[in-house]
Amino acid sequence: MGLSAIRLDSTLNLVIVVVLALLAIIAVPFFWERWRRKLLGRSGTILVAVVLIVVSTAMGGNMIGGFFPTVGALFGTGVYSADSVDAVAGENGSDLDKLRDAGAMRAREGKGSVVHMTVTGKRTGLTRDVSVYFPPQYYDPAYRSLKFPVIEWIPNYPSGPEVVTGPYGMPARLDEAIAKHVLPPTLVIIPDPTGKPKVGHDTECVDEVNGAANDTYLTADIRDWAIEKLGASTQRKAWTMAGWSSGGYCAMNLVTRHPQWYGQAASVSGYFKAAVDAETENLFKGRQDIVDANTITLNLQKHPSPVDILAIAGDKENFESFSLDQLQSAVRAPTTLSTWRIPDAGHNMNTFKTQIPDVLAWIGARTAPPSAPQDKKIVGSGGVKPWPLPNTGAKGALVDVVE
């Protein structure tokens, strides 16, 4: 059985490990006297108990945070053609055309397709895992000549693309939003912001001083590749960055740093400046100017640009909620900022997942729809409803809204 078949997000597996941990704890005093002359036996029971306690605690935290769906994802050996991916394409999507028939079959059911591949950046030379959600309309002949809007969704550290298509449940939410005409048919590109190794290597999506050019890869490289290979729109208002936790910081930071390429940023539980801790290594090497260049509040103050930002935090998230206040104080026209505080919510996967429909509605109300030269009329076929249609997108029961 491969590592990708061992689920870390399974309640049953967690219960089994917890039960084994309890049995191991009970075994320590039970065998202590019996093995008083067997140092190896005593040490072994203690070691097993400690390991199982650590594993059960880690699995519980993983389920709350939604970091790794499988053991394979944890160790970077995940097989992406698993339950959260519909197909695997060649490097840089070299054989995507061969997948059109399968995509069209799913489209007739109103479902998009998730395809995994690796993409090598032309500017950086970095090769990272990338998953792409193709909306049902992508396989509709009537849309063949159109350029699609893009959401670039940045996974939370230490996760990769598999967390978005798996635990996030994003593909089904996208299908639903597009079917309800809350979101136009949109390509969703999910790049790995970290690379390997993941644990202890939080890049915060920045160009590291004397290190990996993560920012350049996630912006210039991915954007150029998507325009060339996927038929993505070149309009800046057709490009949105979004993410949860560290992905939320990445989305806001990269959009305010590159407003010539992006029109919107949506953050759930993000923050206003890069985290610097044991997980990030030394990203800035003492360069305060690079730290400042990746501090969102400073960019909002010093370099305001015509971008729309949505920042969401739970009122039990101390730093993330504090970040909303800092963003509100820093924003300057022509930037617009919407801040939503979620009552009784903390920094966990459930807080994020409840916000997905509203986030997609917010993006849908602002992003450019699929475009065609000379305003070519769009006529749907193959069972897919035509677009563009009026956006709806209510924000729901949210408070502290600043437009």
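An account of the accompanying structure is given in this report. Here the structure is a predicted model, which is why all the values come from computation and not from measurement.

Brief notes about the side chain of Gln 264
At step 1: One can find Gln 264 in strand β7 (residues 264-268).
At step 2: At 3.4 Å, the side chain of Gln 264 forms a polar contact with the backbone oxygen of Trp 239.
At step 3: A polar atom in the side chain of Gln 264 sits 2.7 Å from the side chain of Thr 240.
At step 4: If we skip the residues at most four places from it in the chain, Gln 264 touches Lys 237, Trp 239, Thr 240, Met 241, Val 255, Asp 308, Trp 362, Arg 366 and Thr 367.

Some remarks on the pattern of salt bridges
At step 1: In total, this model carries 10 salt bridges according to the counting rule given.
At step 2: For Asp 224, the salt bridge is made with Arg 123, and the minimal N-O distance between the two is 3.4 Å. On the criterion of sequence distance, the pair formed by Asp 224 in helix α7 (residues 214-230) and Arg 123 in the loop between β2 (113-120) and β3 (127-134) is long-range, its members being 101 residues apart.
At step 3: The exposed category is assigned to Arg 123, whose relative accessible area is 55%.

A word on the environment of Leu 99
At step 1: Along the chain, Leu 99 falls in the loop between β1 (87-88) and α4 (100-107).
At step 2: Not counting chain neighbours up to four residues away, the residues in contact with Leu 99 comprise Ala 87, Ala 89, Val 115 and Tyr 139.

Some points on the pairing of strand β6 (residues 239-244)
At step 1: Of all six residues making up β6, six are buried, and the element is well covered by its neighbours.
At step 2: The pairing of strand β4 (residues 150-154) with β6 spans five bridges and is parallel. Bridged to Glu 152 within β6 is Met 241.
At step 3: At this point the chain moves from β6, through helix α8 (residues 246-257), to the parallel β7, and the crossover so formed is right-handed.

Re the nonpolar core
As a rule of thumb, soluble globular proteins bury nonpolar side chains together.
At step 1: Judged by nonpolar contacts, the single largest core of 60 residues is most densely connected at Val 132, Phe 134, Leu 187, Ile 189, Trp 225 and Leu 230.
At step 2: Sort the elements by how many residues they give to this core and α7 lands first, with seven residues.
At step 3: Leaving out residues up to four positions away in the same chain, Ile 189 has contacts with Val 130, Ser 131, Val 132, Val 150, Ile 151, Glu 152, Trp 153, Ile 222, Trp 225, Ala 226, Leu 230 and Trp 239.
At step 4: Core analysis: the next-biggest nonpolar cluster, separate from the first, contains 33 residues, Val 164, Leu 183, Ala 266 and Trp 362 among them.

Quick look at the sheet that holds strand β9 (residues 336-342)
At step 1: A sheet is described by the order of its strands in space; here nine strands give the open sequence β1-β2-β3-β5-β4-β6-β7-β8-β9, paired in mixed fashion. Every interior strand has two partners, whereas the edge strands, β1 and β9, have only one.
At step 2: Bridge analysis of β2 against β3 gives eight bridges, and the strand direction is antiparallel. Looking at the pairing, Ser 113 lines up with Phe 134 of β3.
At step 3: On the sheet, α8 packs against β4, β6, β7 and β8 (308-314) and is oriented at approximately 155° with respect to β6.

A word on the packing of aromatic side chains
At step 1: Using the criterion set out here, one finds 14 aromatic pairs in the structure.
At step 2: Judged by centre distance (5.7 Å) and plane angle (25°), the rings of Trp 244 and Phe 352 are stacked. Taken together, the residues Trp 244 in strand β6 and Phe 352 in helix α12 (residues 349-364) connect sequence positions 108 residues apart.
At step 3: Since its relative accessible area comes to 2%, Trp 244 is described here as buried.

Quick look at α12
At step 1: The end-to-end C-alpha distance of α12, which contains 16 residues, comes to 23 Å, matching closely the 22 Å that a straight helix rising 1.5 Å per residue would cover.
At step 2: Across the 16 residues that make up α12, a large majority, 12, are buried.
At step 3: Along α12, the positions that sit buried rather than exposed are Met 349, Thr 351, Phe 352, Gln 355, Ile 356, Asp 358, Val 359, Leu 360, Ala 361, Trp 362, Ile 363 and Gly 364.
At step 4: The backbone nitrogen of Asn 350 lies 3.1 Å from a side-chain oxygen of the residue at the head of α12, namely Asn 348.

Re the state of the cysteines
At step 1: Evaluation of the coordinates by the stated rule reveals one disulfide.
At step 2: Covalent S-S linkage joins Cys 205 and Cys 250, the inter-sulfur distance amounting to 2.1 Å. Residues Cys 205 and Cys 250 are joined through a disulfide that is right-handed, its torsion about the S-S bond being 90°. Here the residue Cys 205 occupies a position in the loop between β5 (187-191) and α7, and Cys 250 occupies one in helix α8, the gap between them amounting to 45 residues.
At step 3: Residue classification places Cys 205 among the buried residues on the basis of a relative accessible area of 2%.

Here is what the cut-offs are and how they apply
Residues numbered from 1 in each chain as written. Predicted model: local features only at pLDDT ≥ 70, side-chain atom pairs only at ≥ 80, totals over all residues. Heavy atoms only, no water. Helix = DSSP H or I, 4+ residues; strand = E, 2+ residues; numbered from the N terminus. Polar contact = N/O pair within 3.5 Å; in protein donor to acceptor, adjacent residues only side chain to side chain. Contact = heavy atoms within 4.5 Å. Salt bridge = Lys/Arg side-chain N within 4 Å of Asp/Glu carboxyl O. Buried < 20%, exposed > 50% of the residue type's maximum accessible area, 1.4 Å probe, protein only. Pairing = 2+ DSSP bridges. Right-handed = clockwise from strand over helix to strand, strands pointing away. Core = buried A, V, L, I, M, F, W, Y, C linked by side-chain atoms within 4.5 Å. Axes fitted to C-alpha atoms, helices over the stretch in contact; angles between N-to-C directions. Phe/Tyr/Trp six-rings, centres within 6.5 Å; stacked < 30°, edge-to-face > 60°. Expected span 1.5 Å × (residues − 1). Disulfide = S-S within 2.5 Å.

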